[in-house]
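# Tertiary structure, described
Residues per chain are reported as follows:
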Amino acid sequence: MPNFCAAPNCTRKSTQSDLAFFRFPRDPERCRLWVENCRRADLEEKTPDQLNKHYRLCAKHFEPAMICKTSPYRTVLRDTAIPTIFDLTSHLGNPHSRHRKRIKVLTDEEVRKIKERRLESSIEQLLSKKDCDAQDDSEKADDIPQLTPEQKDLREFLRSSFEVMVLIGRQNFPFSCNAREDEMRSEEEERLLTTGNFQALIENRINAGDEFLRRRFEAAAVNEEYCPAVQQRQLLEVCERCVREEILQQVRECRFFSIITGELVKLPEGEHLPIFLRFVDQANSLREEFIEFLSFEGEEVTVAERLETQLTKGWGLSMEHCRGQAHAGSGILGTKMKVIAAQLKEKYPMAVITPTSTCALNVHLANGMPLTGVQDVMSILKKTNSFFKASPLLQSELDNAISILCQGNIEKENILKEDSRSTWTDLHNVFEMAVDLMEPLLLCMDSIHDNEDLKWNDQITSDAYAIAEALADFEFIVTLVILKNALSFTRAFGKNLQGETIDVFFAANSLTAVLHSLHEVSDNLEVYHEFWFEEAVSLATAMEIPVKVPRLFLRKQQAVETMEIHAESFFKEYVTLPVMEYIMQEVKDVFSENHLKALKCLSLVPAVMGHMRFNTSEETHADIYRSDLPHPDTLPAELHCWRIKWKHRGKEVSLPCTIHKTLQHSDVKFFPNVNAFLKILATLPVLKLDGNHGETAQRRLQAYLTDTAVNQRCKNLAVLNINYHIKTDLEEMVQCYLKTYPEESESN
């Protein structure tokens, strides 16, 4: 039932306004003042309990200073708040207005008494505020310990040092300079090699006029290091810890999160796994933030335990609140990550395994196949795509090859040229693209390798020859064609998963049809493989590539048996059959029952409801997160009210089409279960990030890796560089450093 404002000439109600409404106080004296200021004679006869139970005033009748917002969802009044803002005259100009809330006419004596009380109340509030401020200042002064001059100097030095360290991280300066192979170095290079960039930037601040650093430097002994390497590492670790803690604090506040890992990264200390966390912050914005590089040494069980320990003990998170996990990786890494994910899911069943929103489903499936031929195809396609990104001249050469082979088909020519300029190895139709580009690619590579016009250097011609040799292998061609056809059944499904919210909802409901198609292919594998093999042979013939069984397999078989092996039967047994078995099993594993239930609950998004004509049944799938809701007992009634609200909305009100837009709607706070449900759904890694956030953390990581040589990479600086948007509090860093290394303070 909506709340109506009891103030005269105020027609606001809770269903038409985002304003907060406040009950009349039970305290008799305060309640009397509220009624008196309202000037409603009919309320004077009612008791404080009756007024508290049945009457409200909206926030428009209170001074802003009297209102406190304790959280984004809760607004309260100060204990001494009295309503003072009322419209007591507008009804006079409308003789036909209704006088349900009749205004009491005051005598001159009553007006004088009210003014006196208001003046006394204002003076008391002012004096009370001054006393409180004075008491607070006194308590703060007592709490602050008296620092010695040496301790003050240390804090000032640490503050300056942290400022320099943050600059190094955000600008991606190398922490130290490595020696060049040649011995001819300038005086400045020699100085940097011995002191490092941190020392150089400190000296630069001194030269720029930092008097405090100059005095400290001049007071140090001649043979004493200004800031030893050990202390620099300590400063860097504290910097990293404070930036990470700023993110983790927000994750703890929102409770629920998902884990995302990327491809292995090479660091001077060895191979590490980048860890991201996905969560909805207090502003109801979906975020994905880089947290740390995790060492990948050891077996899968060891890495899984290390990851769990870091999440719980290291970062203070609860794995019971983890609702999703997505792991990138191809080949051996992909196989290991599946074991790690399965271990975490076995221990925490609610941490469902999903693909990432940044990777097309077909690419994800192909990357995870433990087949050497498939991994060779993926590797060669990536190398080919990267080859043409190196120079516009190379792309122009490919365009010429496309024009030659597509004569008479302008539409196909334009499509291939446009798609080849993108990172086509990340597309949903990557294998269709690759098959269409096979002939132009081989023609282009042969032309570059021949180098008749001497346009290309030796490195480019060598790379072109290596790629051409790989493309001209029949095993590569037949594997590519089989992948194209086998994954065609999941292409539309995967594209919908990365589409709009309504597309994801319908994708979740179409999985049964996808699995049915895959089973049909598996049951009639002989027929399908025959068509696929014929397509591969036709393509190979057009490219003048002989049809044959892989040489390595033939050599192995000669030692065992002499029976002739046909290429068609070989590729059916060793490629088509395992590819189809893997796709079916992986789709079933990734889109588990819990995962599908969660995706089907996207019908909570109003636009999806509207598309379904508000005939949805979230209750049948909502049990998956029932224990996470604030009021699970009222969920059915709340879902009914949620549907009714949007079904009977005003004509001018549009339906939010994403989780993000729904969470930003002002009325969602009145539906606590729906609000909590949508926040949990948003953390699933399979759903794309809305708004301007995008996959910024992963893009920043890639930029850092591209711009930084392996021997210059630093785990600590990477956290500062990738998370440069996170605010840094130098004073907090100083406190953290002194708490971590108390001996520094004592020695000063």
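Worth saying up front: this structure is predicted, and the values here are computed from it rather than measured.

Parameters and conventions
- Residues numbered from 1 in each chain as written.
- Predicted model: local features only at pLDDT ≥ 70, side-chain atom pairs only at ≥ 80, totals over all residues.
- Heavy atoms only, no water.
- Helix = DSSP H or I, 4+ residues; strand = E, 2+ residues; numbered from the N terminus.
- Buried < 20%, exposed > 50% of the residue type's maximum accessible area, 1.4 Å probe, protein only.
- Contact = heavy atoms within 4.5 Å.
- Areas by Shrake-Rupley, 256 points an atom, 1.4 Å probe, with all protein chains shown as cover.
- Axes fitted to C-alpha atoms, helices over the stretch in contact; angles between N-to-C directions.
- Parallel < 35°, antiparallel > 145°, perpendicular 65-115°, else oblique.
- Left-handed = near helix turned anticlockwise from the far one by under 90°.
- Nonpolar A, V, L, I, M, F, W, Y, C, P; charged D, E, K, R; others polar.
- Pairing = 2+ DSSP bridges.
- Phe/Tyr/Trp six-rings, centres within 6.5 Å; stacked < 30°, edge-to-face > 60°.
- Lys NZ or Arg CZ within 6 Å of the ring centre and 35° of its normal.
- 1 Å grid on protein atoms, 1.4 Å probe; cavity = no way out; pocket = protein on both sides within 12 Å on 5 of 7 lines; lining within 4 Å.
- Points joined across faces, edges and corners; volume = space filled by probe spheres on them.
- Disulfide = S-S within 2.5 Å.
- Salt bridge = Lys/Arg side-chain N within 4 Å of Asp/Glu carboxyl O.
- Expected span 1.5 Å × (residues − 1).
- Polar contact = N/O pair within 3.5 Å; in protein donor to acceptor, adjacent residues only side chain to side chain.
- Patch = residues over 30% accessible without salt bridge, like charges linked within 9 Å, V, L, I, M, F, W, Y side chains within 5 Å.
- Lys, Arg positive; Asp, Glu negative; His and termini not counted.
- Charge placed at Lys NZ, Arg CZ, Asp CG, Glu CD.
- Arc of directions from axis to C-beta.

## Section: the overall build of the protein chain
Looking only at helices and strands, one finds 31 helices and ten strands in the protein chain. Within the protein chain, the fraction of its 748 residues that count as buried is 45%. A separation of at least 24 residues holds for 72% of the contacts in the protein chain among residues at least 6 apart in sequence. Total accessible area on the protein chain is roughly 39,200 Å²; 50% of this is exposed by carbon and sulfur atoms.

## Comments concerning the packing of helix 7 (residues 229-254) against helix 30 (residues 730-740)
At a closest axis distance of 10 Å, the pairing of helix 7 and helix 30 adopts a crossing angle of 120 degrees. Viewed along their axes, helix 7 and helix 30 adopt a mutual orientation that is oblique. Note on packing geometry: the crossing formed by helix 7 with helix 30 is right-handed. Each of Gln231, Gln234, Leu235, Val238, Cys239, Arg241, Cys242 and Val243 in helix 7 lies in contact with helix 30, whose residues at this interface are Glu732, Met733, Cys736, Tyr737 and Thr740. In the contact of helix 7 with helix 30, the residues fall into eight nonpolar, three polar and two charged.

## Considering the packing of helix 12 (residues 392-405) against helix 13 (residues 410-420)
To describe two helices that pack against each other, one gives the angle between their axes and the distance between the axes. Taken N-terminus to C-terminus, the directions of helix 12 and helix 13 make an angle of 160 degrees; their axes are 10 Å apart at the nearest point. Comparing the axis directions of helix 12 and helix 13 gives the class roughly antiparallel. Seen along the crossing, helix 12 lies across helix 13 with a hand that is right-handed. Here Gln395, Leu398, Asp399, Ile402 and Ser403 of helix 12 lie close against helix 13, whose contacting residues are Glu413, Leu416, Lys417 and Ser420.

## Observations regarding the pairing of strand 8 (residues 286-295)
Taking burial as the measure, the ten residues of strand 8 include nine buried ones, the bulk of the element. The pairing of strand 7 (residues 270-280) with strand 8 spans nine bridges and is classified as antiparallel. Each bridged residue has a counterpart across the sheet, and for Phe276 the counterpart in strand 8 is Phe290. Connecting the antiparallel pair strand 7 and strand 8 is a turn made up of five residues, with Asn284 showing a positive phi of about 65 degrees.

## Things to note about the packing of aromatic side chains
Applying the stated criterion across every chain, the model contains 19 aromatic pairs. Each ring, one from Trp642 and one from Phe671, has its centre 5.0 Å from the other, and the planes form 75 degrees; the classification is edge-to-face. On the criterion of sequence distance, the pair formed by Trp642 in helix 25 (residues 635-647) and Phe671 in the loop between helix 26 (659-664) and helix 27 (672-682) is long-range, its members being 29 residues apart. Both residues of the pair, Trp642 and Phe671, belong to the buried class. The positively charged end of Lys645 is found above the aromatic ring belonging to Trp646, 4.8 Å away from the centroid.

## Re the pairing of strand 5 (residues 257-261)
With five of five residues buried, strand 5 is to be regarded as a mostly interior element. Covered by surrounding structure in strand 5 are Phe257, Ile259 and Thr261 together with Ser258 and Ile260, the residues of both alternating faces. Alignment of strand 5 against strand 7, held across four bridges, turns out to be antiparallel. Looking at strand 7, one finds that Ile259 is bridged to Leu277.

## What about empty space enclosed by the protein?
Applying the stated rule across the entire model yields two cavities of 30 Å³ or more. Quantified by volume, the second largest cavity comes out at close to 50 Å³. Looking at the second largest cavity, the residues that line it are Pro355, Thr356, Ser357, Cys359, Ala360, Leu361, Gly494, Leu497, Gln498 and Val686.

## With respect to the state of the cysteines
Inspection of the entire model under this criterion finds zero disulfides. With no disulfide of its own, Cys242 lies closest to Cys736 among cysteine sulfurs, the gap being 4.2 Å.

## Examining the pattern of salt bridges
This model, assessed by the stated rule, comprises 28 salt bridges. One salt bridge connects Arg26 with Asp49, and the closest N-O pair in it is separated by 3.5 Å. One end of the pair, Arg26, is in the loop between strand 1 (21-23) and helix 1 (28-38); the other, Asp49, is in helix 2 (residues 48-54), and 23 residues separate them in sequence. Ionic pairing is found between Asp210 and Arg205, a salt bridge with its closest N-O pair at 3.2 Å. Several salt bridges share partner residues, and in doing so they unite Arg155, Glu156, Arg159 and Glu731 into one network.

## As for the environment of Cys657
Within the secondary structure, Cys657 is located in the loop between helix 25 and helix 26. Looking at Cys657, the relative accessible area reads 32%, which means it is partly exposed. Along the sequence, Cys657 and Glu500 sit 157 residues apart, while their C-alpha atoms lie 8.1 Å from each other. The contact partners of Cys657, leaving out residues within four places of it in the chain, are Thr501, Val605 and Ala607.

## Re helix 15 (residues 458-471)
For helix 15, with 14 residues, the first-to-last C-alpha span of 20 Å sits near the 20 Å given by 1.5 Å per residue. Taken together, the buried positions of helix 15 are Ile460, Thr461, Ala464, Ile467, Ala468, Ala470 and Leu471. On its buried side, helix 15 packs onto helix 11 (372-389), helix 12, helix 14 (430-450) and helix 16 (474-486). Measuring from the side-chain oxygen of the N-cap residue of helix 15 to the backbone nitrogen of Gln459 gives 3.1 Å; that N-cap residue is Asn457.

## A few points about a negative patch on the surface
A surface patch of like charges, here negative, comprises Asp446, Asp450, Glu452, Asp453 and Glu469. With respect to the helices, strands and loops of the structure, Glu452 is situated in the loop between helix 14 and helix 15. Since its relative accessible area comes to 71%, Glu452 is described here as exposed.

## Regarding unusual backbone geometry
Of note, the phi angle at Asn9 is positive, near 65 degrees, even though the residue is not glycine. Counting through the fold element by element, Asn9 comes out in the segment before strand 1. On the accessibility criterion, Asn9 (31% relative accessible area) is partly exposed. In this structure, Arg613 takes a positive phi of about 55 degrees despite not being glycine. Looking at the secondary structure, you find Arg613 in the loop between helix 24 (606-611) and helix 25.

## A few points about the side chain of Arg643
Turning to its location among the elements, Arg643 is positioned in helix 25. In this structure Arg643 comes out as buried when scored by relative accessible area, which is 12%. Residues contacting Arg643, with those up to four places away along its chain left out, are Met609, Phe614, Thr616, Glu618 and Glu619.

## A word on helix 17 (residues 488-497)
One turn of the α-helix equals 3.6 residues, which is why residues spaced by three or four share an orientation. Listed as buried for helix 17 are Thr490, Phe493, Gly494 and Leu497. Looking straight down helix 17, one finds its buried side chains confined to an arc of 100 degrees; they lie on one side. Away from its buried face by more than 90 degrees, helix 17 exposes Ala492 and Lys495. The inward-facing, buried residues of helix 17 abut helix 10 (361-368), helix 18 (501-509), helix 19 (511-523), helix 22 (567-590) and helix 23 (593-600).

Note that all results are geometric; they support no functional claim without further evidence.
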